[in-house]
Amino acid sequence: MKRVAQPVLLVVFGASGDLAKRKLIPALYHLYSQGLLHDGFALLGFARTQYSDEQFRTLMGESLREHMAGEHNGATVDEEEWAAFLEHLYYQQGGYDDDNSFARLAERIADVEEKIQTQGNRLFYLATPPEVFMAVTTLIHEHGMAAQQENAWVRLIIEKPFGHDLASAQTLNDHLAQLFAEEQLYRIDHYLGKETVQNILVFRFGNGIFEPVWNRNYIDHVQITVAESLGVGDRGGYYDQAGAIRDMVQNHVMQLVALTAMEPPVAMDAKAVRDQKVNVMQSIRPLEPDEVARQVVRAQYGAGQIDGQSIRGYLETRGIPPDSTTDTYVAWKLAIDNWRWNGVPFYLRTGKAMPHKLTEINIVFRKPPMRLFETLDDRLNVRSNILRMRIQPDESICLTFDAKRPGPVVAVDPVNMSFPYSSFGEEPADAYERLLLDAVLGDSTLFIRRDEIEVAWERVTRVLDGWQREEARAHSRGMSFSLPSYEAGAWGPTEADDLLGRDGRYWRNNLD
Ligand code: BG6
């Protein structure tokens, strides 16, 4: 069923930034070229840089061509279609906390709405640095732009980072709640727009055979890996304030945990799905500060090689203080205290400068109760069956089990039953396409609700508190404090191996 969007004016704050160029414009163009945007669609970009509409259009055209060439195997832009799409793009210069700029913006909105007939529907998109989230939303409100006209709607998409700890996330939520109803707020986590992430729910709840084994009776543990091979590049200024735990764990990794561990929703709608996600996140065992060091490993990458390229260590990167204690890698042994998962650890890890870009969820099943066959790889005597959901790249689902190797002796070898996503023969749409379309259609299932973001921050803030205490303790003893390190291009520090080793388990570093 084709879901065509309603008329809408999309106002993008931070329109000259990286996200707009690399993600939003390509996603909108792609939706447009598939006929999924209404003729009454307009985008009004807002940012500090001075551009005319023409200059803005040229700039967006250049980045779209670059993007298509880079990420879509040299695909080219259909020039006629692009020219038609450009007619829908406008630009307004202004300051994010400047009253006059917002007065001008309100006038411009009225002009564009009149011209393109967007019928009063407005979608504001905050793609600015988070420091101006509050100023921008206050001014939108003060200038009457958030007022919903009859038969029209106003919504707000907010990018990450949404707060830097529980208190700041709550403050931002309180602020937004004074200006918008929760139903108007679309907190984005682009992982939820990925096809393979949505497929976790289809796999679990669209099939009958997995549900009976999806619990502590059959599952030994779960491993979630979100590895990236790039270092922090030129994002040092932002990254050093965030670290892997805020940049990846609080949002993307927690979402993967929630989808893997949640109970079946009573319906596939925004309320039912998000209720279940919140429930399971509330069951994540809160850590006391003194427990943090034992359950959570943090580390920084040092110099090394990835794909034959030399990578500078994190502390030698431009913009990073030489004594920074920011985590570029986190591994967390997380317990979920509910009926389904009692006693089943979830081992999470994410890091920069790891050997490959790889996101996957490994469900490691319990071993058979007796060892009847010799395995060729005798490391573990009897191997576990593993269900591997590979989110990216080479999207796939694969079940590993043992089979008899041909020959006169009974020797057993692991084999795979595998479903590659590519067998659908369609390139998956970029996450932003799906999310933008959903926001225009008013479907917030794949966006984060207030209680969800706060419970995720609550658990993460406990880890941050534990780390802060650890550092303060070292300093009070006059000792310097530094993090464990791993060589760029390695799977993480030895401490992370020990985290599983202590439990008689090991990380699955799958490369096939
Ligand atoms: C972003 C983080 O949210 O996600 C980046 O800020 C990270 O640091 C990126 O690289 C990863 O997204 P993806 O879709 O490439 O896995």
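Residues numbered from 1 in each chain as written. Predicted model: local features only at pLDDT ≥ 70, side-chain atom pairs only at ≥ 80, totals over all residues. Heavy atoms only, no water.

Undergrad: Outline the site of the ligand, listing residues and values.
TA: If you check the shell around the ligand, you find Lys160, His190, Tyr191, Lys194, Glu228, Arg235, Asp247, Met248, His252, Lys352, Lys357 and Gln392 and nothing else. In the model, an oxygen atom of the ligand is placed 2.6 Å from a nitrogen or oxygen of the lysine 194 side chain. Interatomic distance of 2.8 Å between a side-chain N/O atom of arginine 235 and an oxygen atom of the ligand. Surface burial for the ligand is 80%, taken as the share of its 400 Å² of free accessible area covered by protein chains. Looking at the shell around the ligand, the element that brings in the most residues is helix α8 (residues 236–261), giving three residues. (Near = heavy atom within 4 Å. Polar contact = N/O pair within 3.5 Å; in protein donor to acceptor, adjacent residues only side chain to side chain. Areas by Shrake-Rupley, 256 points an atom, 1.4 Å probe, with all protein chains shown as cover. Helix = DSSP H or I, 4+ residues; strand = E, 2+ residues; numbered from the N terminus.)

Undergrad: Describe the packing of aromatic side chains, naming the residues involved and giving the relevant values.
TA: Enumeration over the complete set of coordinates arrives at 24 aromatic pairs. Centroid distance phenylalanine 41 to phenylalanine 85: 6.5 Å. Interplanar angle 15 degrees. Geometry classified as stacked. You can see phenylalanine 41 sitting in strand β2 (residues 41–47) and its partner phenylalanine 85 sitting in helix α3 (residues 79–86), a full 44 residues away along the chain. Taken together, a centroid distance of 5.4 Å and an interplanar angle of 55 degrees make the contact between phenylalanine 419 and tyrosine 421 tilted. The partly exposed category is assigned to phenylalanine 419, whose relative accessible area is 26%. An aromatic cluster is present here, built from Phe13, Phe46, Tyr96, Phe102 and Phe124 joined pairwise through their rings. Arginine 57 extends its terminal NZ or CZ atom over the ring of tyrosine 90, reaching a point 5.2 Å from the ring centre. Over the aromatic face of tryptophan 153 sits the side chain of arginine 155, whose NZ or CZ is 3.6 Å from the ring centroid. (Phe/Tyr/Trp six-rings, centres within 6.5 Å; stacked < 30°, edge-to-face > 60°. Buried < 20%, exposed > 50% of the residue type's maximum accessible area, 1.4 Å probe, protein only. Lys NZ or Arg CZ within 6 Å of the ring centre and 35° of its normal.)

Undergrad: Talk me through the packing of helix α6 (residues 166–179) against helix α12 (residues 450–476); I want residue IDs and the actual numbers.
TA: Running from N to C, α6 and α12 point in directions that differ by 165 degrees, and their axes come no closer than 8 Å. Here α6 lies roughly antiparallel to α12, going by the angle between them. In this structure, the crossing between α6 and α12 has a hand that is left-handed. For the pair α6 and α12, the contacting residues are Leu166, Ala169, Gln170, Asn173, Asp174 and Ala177 in the first and Arg450, Ile453, Glu454, Trp457, Glu458 and Thr461 in the second. Residue composition of the contact of α6 with α12, grouped by class: five nonpolar, three polar and four charged. (Axes fitted to C-alpha atoms, helices over the stretch in contact; angles between N-to-C directions. Parallel < 35°, antiparallel > 145°, perpendicular 65-115°, else oblique. Left-handed = near helix turned anticlockwise from the far one by under 90°. Contact = heavy atoms within 4.5 Å. Nonpolar A, V, L, I, M, F, W, Y, C, P; charged D, E, K, R; others polar.)

Undergrad: How would you sum up the pattern of salt bridges? Please name residues and give values.
TA: Here the structure, examined in full by the defined rule, presents 32 salt bridges. A salt bridge links aspartate 337 to arginine 285; the nearest nitrogen and oxygen atoms lie 2.8 Å apart. Note that aspartate 337 is positioned in the loop between β11 (329–334) and β12 (346–351) and arginine 285 in the loop between α9 (270–282) and α10 (292–295), a separation of 52 residues in sequence. Looking at aspartate 337, the relative accessible area reads 38%, which means it is partly exposed. Arginine 390 is the salt-bridge partner of glutamate 360, the closest N and O atoms lying 3.0 Å from each other. Pair noted here: glutamate 360 is in strand β13 (residues 358–365) and arginine 390 is in strand β15 (residues 386–392), with a separation of 30 residues, a long-range link. For the pair glutamate 360 and arginine 390, one class covers both residues: buried. A single salt-bridge network, built from bridges that share partners, covers Asp220, Lys333, Asp503 and Arg505. (Salt bridge = Lys/Arg side-chain N within 4 Å of Asp/Glu carboxyl O.)

Undergrad: Quick rundown of helix α5 (residues 133–142)? Include the residues and the values.
TA: Along α5, the residues classified as buried are Phe133, Val136, Thr137, Leu139 and Ile140. For α5, the buried positions fall inside an angular range of 165 degrees around the axis, keeping them on one side. Buried-residue contacts for α5 involve β1 (8–13), α4 (99–116), β4 (122–126), β5 (154–158) and α6. Glycine 144, located one to two residues past α5, shows a positive phi value of around 75 degrees. (Arc of directions from axis to C-beta.)

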